[in-house]
Amino acid sequence: MSERLQPGDTAPAFTLPDADGNEVSLAAYQGRKVIVYFYPAALTPGCTKQACDFTDNLELLAAAGYDVVGVSPDKPEKLAKFREKESLKVTLVGDPSKEVLEAYGAYGEKKLYGKTVTGVIRSTVVVDEAGKVERALYNVKATGHVAKIIKDLGV
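A brief report on the enclosed structure follows. Think of each chain on its own: its residues are numbered from 1, step by step along the sequence as written. Confidence filtering applies because this is a predicted model: local features only for residues at pLDDT of at least 70, side-chain atom pairs given and counted only at 80 or more, and all residues used for totals across whole chains, interfaces and linings. With hydrogens and water excluded, all non-hydrogen atoms of the structure serve as input to the side-chain values.

## Quick word on the overall build of the chain
Point 1. In this text, helices come from DSSP runs of H or I with a minimum length of four residues, and strands from runs of E with a minimum of two, each type numbered from the N-terminal end. The secondary structure content of the chain amounts to 5 helices and 9 strands.
Point 2. Listing the helices and strands of the chain from first to last along the sequence gives β-β-β-α-α-β-α-β-α-β-β-β-β-α.
Point 3. Radius of gyration here uses only the C-alpha atoms, and the compact-globule reference equals 2.2 Å multiplied by the residue count raised to the power 0.38. Taken over the C-alpha trace, the chain has a radius of gyration of 14 Å; the compact-globule value for 155 residues is 15 Å, and the two agree within 12%.
Point 4. Each principal axis of the C-alpha atoms in the chain carries an extent, and together these give about 40 × 35 × 30 Å.
Point 5. For every residue, the accessible area (1.4 Å probe, protein chains only) is compared with the maximum for its type, and the residue is labelled buried under 20%, exposed over 50%, or partly exposed between those bounds. Within the chain, buried positions represent 50% of all 155 residues.

## A look at the state of the cysteines
Point 1. Any cysteine sulfur atom paired with another within 2.5 Å is treated as part of a disulfide. Summed over all chains, the structure comprises 0 disulfides.
Point 2. Just so you know, cysteine 47 is unpaired, no disulfide at all, and the nearest cysteine sulfur is the one on cysteine 52, 11 Å from it.
Point 3. Classification of cysteine 47 as buried rests on a relative accessible area of 2%.

## Brief notes about unusual backbone geometry
Point 1. A positive phi is found at leucine 43, a non-glycine position, where the angle reads about 65°.
Point 2. Examined against the element boundaries, leucine 43 turns out to sit in the loop between β3 (33–38) and α1 (45–56).
Point 3. Since its relative accessible area comes to 32%, leucine 43 is described here as partly exposed.
Point 4. Within the chain, serine 87 stands out as a residue other than glycine whose phi angle is a positive 55°.
Point 5. Position of serine 87 relative to the elements: it lies in the loop between α3 (76–86) and β5 (91–94).

## Description of α1
Residue pairs three or four apart in sequence face the same way in an α-helix, which turns once every 3.6 residues.
Point 1. Expected helix span is computed as 1.5 Å times (number of residues minus one). For α1, with 12 residues, the first-to-last C-alpha span of 16 Å sits near the 16 Å given by 1.5 Å per residue.
Point 2. Considered for burial, the residues of α1 that qualify are Cys47, Thr48, Gln50, Ala51, Cys52, Asp53, Phe54 and Thr55.
Point 3. Each element contacted by the buried residues of α1 is listed here: β3, α2 (58–63), β4 (66–72), α3, β8 (123–127) and α5 (145–153). In this description, contact between two residues means that some pair of their heavy atoms is separated by no more than 4.5 Å.

## Comments concerning the pattern of salt bridges
Point 1. When a carboxyl oxygen of Asp or Glu is within 4 Å of a side-chain nitrogen of Lys or Arg, the pair counts as a salt bridge. Summed over the entire model, instances satisfying the criterion amount to 8 salt bridges.
Point 2. Two residues, lysine 148 and aspartate 152, come together in a salt bridge whose shortest N-O distance is 2.7 Å. With lysine 148 and aspartate 152 both in helix α5, this residue pair falls 4 residues apart, about one helical turn.
Point 3. Where salt bridges share partners, they join Asp20, Arg83 and Glu84 into one cluster.

## Let's talk about the sheet that holds β8
Point 1. At least two DSSP bridges between two strands are required for those strands to pair. The 5 strands are arranged β5-β4-β3-β8-β9 in an open sheet whose pairing can be described as mixed. Each edge of the open sheet is held by one strand with a lone partner, namely β5 and β9 (133–138). Neighbour-to-neighbour, the strand axes of the sheet open up by a mean angle of 20°, direction not taken into account.
Point 2. Bridge count for β3 against β4 is 6 bridges, and the pairing is parallel. Opposite tyrosine 37, over in β4, you have glycine 70 as the bridge partner.
Point 3. Most of the contacts of α1 go to β3, to which it runs at about 165°, and overall it touches β3, β4 and β8.
Point 4. Only the stretch in contact is used when a helix axis is fitted, and all axes are lines through C-alpha atoms; the angle between N-to-C directions ranges over 0 to 180 degrees. Packed on one face of the sheet, α5 meets β3, β4, β8 and β9 and runs near 150° to β9.

Written as structure tokens, this is what we have:
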């Protein structure tokens, strides 16, 4: 079980492939705030709802200085299919090795339909301009989560 991040922690650096196979690094967002959200799998109902909610609110978040990056264990090909099928505008990156998911505390034991399983823990980490964790939310719900973040951030 990986450690969960706390506000004030330095956000773990990462470089992962996006849906087009291009590398996306956390370092590229230095000087801007970035919402990094972790979800179990592209093309599944809950993850689709969450990605569409972020896409629908992307302009609002961008205007408030926030970029959004979605991370899942999927390969770029599946992310591209997800993006095309749902017309997503958020940046989606794949972490098949799950190293970044673990570094962010977003992979480990969780309850699924009453059973304990190991997998991706739906989580959202807000990273400030200096690369520090501003908020770290774990076991979030796919539905209504984006609206809650917007409210909590005062956007």
